[in-house]
Amino acid sequence: MVAAPTTKLEGEPELERVELFGLLAEYDGAENLLRATRRAYAAGFRAMDAYSPFPVEGLSEALGSHTSAIPLIGLFGGTVGALTGVGLQYWIHVLALPINVGGRPLDSWPSFLPVTFELGVLFSALSMVAGLLILNGLPQPYHPVFNVAAFASASRDRFFLCIEARDPCFGHEDTRRFLEQLGASEVADVYG
């Protein structure tokens, strides 16, 4: 790990050592970012992330993301919701408060369908929102890339690729040269 350069003045307390988080490369367009990301992945980098002001088609595949668990989380939540709907109605109409109306059976499943469907949809949606937040590590009010001044334009008109120092292929100078060869307009050290 490379530490941030610090100078200590006489009488000043010892400063905390700040570790290098990675290198942040700035690109002019979405095509350049996508091309650089694909080449970095092909070169063996895996601990990296890309930032853009709008979704770039193919960028998540270029980063090597795998299939998401969100559909399974939604299916599980929807199933739990539907079973909850059926169970609550069965308990109320058959066990807790059985009232025979017009000679109909107490456990009439067609009358259970609307509530079962609505609870399935509700539980599915809530579980997917919770799953997205947990899997994406949100809320995340701080990230080391926020320390780079140029990163403020990531939500407006600039595109960034960050290769993290924890990557096995990461070498500070080699990775810097690699990102510069990929057409980065600027490569900055990210400390955090």
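As a reminder, the structure under discussion sits directly above these lines.
A brief structural summary. (Residues numbered from 1 in each chain as written. Predicted model: local features only at pLDDT ≥ 70, side-chain atom pairs only at ≥ 80, totals over all residues. Heavy atoms only, no water.)

Structural notes on the overall build of the chain
Here is the rule we go by: Here a helix means four or more residues in a row that DSSP labels H or I, a strand means two or more in a row labelled E, and each is numbered from the N terminus. Radius of gyration here is computed from C-alpha atoms only, and the compact-globule reference equals 2.2 Å multiplied by the residue count raised to the power 0.38. Three labels apply to residues, based on accessible area from a 1.4 Å probe with only protein chains included: buried if under 20% of the type maximum, exposed if over 50%, partly exposed otherwise in between. A contact between two residues is defined here by any heavy atoms of the two lying within 4.5 Å. Working definition of accessibility: Shrake-Rupley area with a 1.4 Å probe, residue cover restricted to the visible protein chains. Only four residue types enter the charge count, namely Lys and Arg as positive and Asp and Glu as negative; His and the chain termini do not. A single reference atom marks each charge: NZ on Lys, CZ on Arg, CG on Asp, CD on Glu.
Of regular secondary structure, the chain possesses five helices and four strands. Here the C-alpha radius of gyration of the chain, 26 Å, is well above what a compact globule of 192 residues would show, namely 16 Å. Seen through its principal axes, the chain has C-alpha atoms that stretch 90 × 50 × 30 Å. The buried share among the 192 residues of the chain stands at 36%. Sequence separation of at least 24 residues holds for 75% of the intrachain contacts in the chain that already meet a minimum separation of 6. Accessible area of the chain: about 12,300 Å², with a carbon and sulfur share of 62%. Here the chain carries 12 positive and 21 negative side-chain charges, and the mean point of each set is 4 Å from the other.

Section: helix H3 (residues 70–96)
Selection criterion: Take the residue count of a helix, subtract one, and multiply by 1.5 Å to get its expected span. The angle between axes fitted to the seven residues ending at a residue and the seven residues starting there is what we call the bend at that residue.
Along its 27 residues, H3 runs 36 Å from first to last C-alpha, staying within 8% of the 39 Å computed at 1.5 Å per residue. The largest bend in H3 comes to about 25°, at Tyr90. Where H3 is concerned, the buried positions are Ile70, Gly74, Gly77, Gly78, Gly81, Gly85, Gln89 and Val94. Structurally, H3 contributes buried residues whose contacts are with helix H4 (109–135).

Observations concerning the packing of H3 against H4
Worth spelling out the cut-off: All axes are obtained by fitting lines to C-alpha atoms, using only the stretch in contact for helices, and the reported angles, taken between N-to-C directions, cover 0 to 180 degrees. Working rule for handedness: look at the near helix, and if it is turned counterclockwise from the far one by less than a right angle, call the crossing left-handed; if clockwise, right-handed.
It is at 6 Å that the axes of H3 and H4 come closest, and there the two elements cross at 145°. Between H3 and H4 the crossing geometry is right-handed.

Topic: the pairing of strand E1 (residues 20–27)
What counts is decided by this rule: A pair of strands is considered paired only if DSSP assigns at least 2 bridges between the two.
Counting buried positions over the eight residues of E1 gives seven, a clear majority of the element. In this structure, E1 lies alongside strand E4 (residues 186–191), joined through six bridges in antiparallel fashion. From the neighbouring strand, Ala25 faces E4, where its bridge partner is Val187. Alignment of E1 against strand E3 (residues 159–164), held across six bridges, turns out to be antiparallel.

Quick notes on the environment of Ala149
For Ala149, the location among the structural elements is in the loop between H4 and E3. You can call Ala149 exposed: its relative accessible area is 71%. Residues Ala149 and Glu31 lie 118 residues apart in sequence; the distance between their C-alpha atoms is 23 Å.

Topic: the pairing of E3
E3 sits mainly inside the fold: six of its six residues count as buried. Burial along E3 is two-sided: the residues Phe159, Leu161 and Ile163 and Phe160, Cys162 and Glu164 are all buried. Across four bridges, strand E2 (residues 48–51) lies against E3 in antiparallel orientation. Residue pairing across strands places Ala50 opposite Leu161, the latter belonging to E3.

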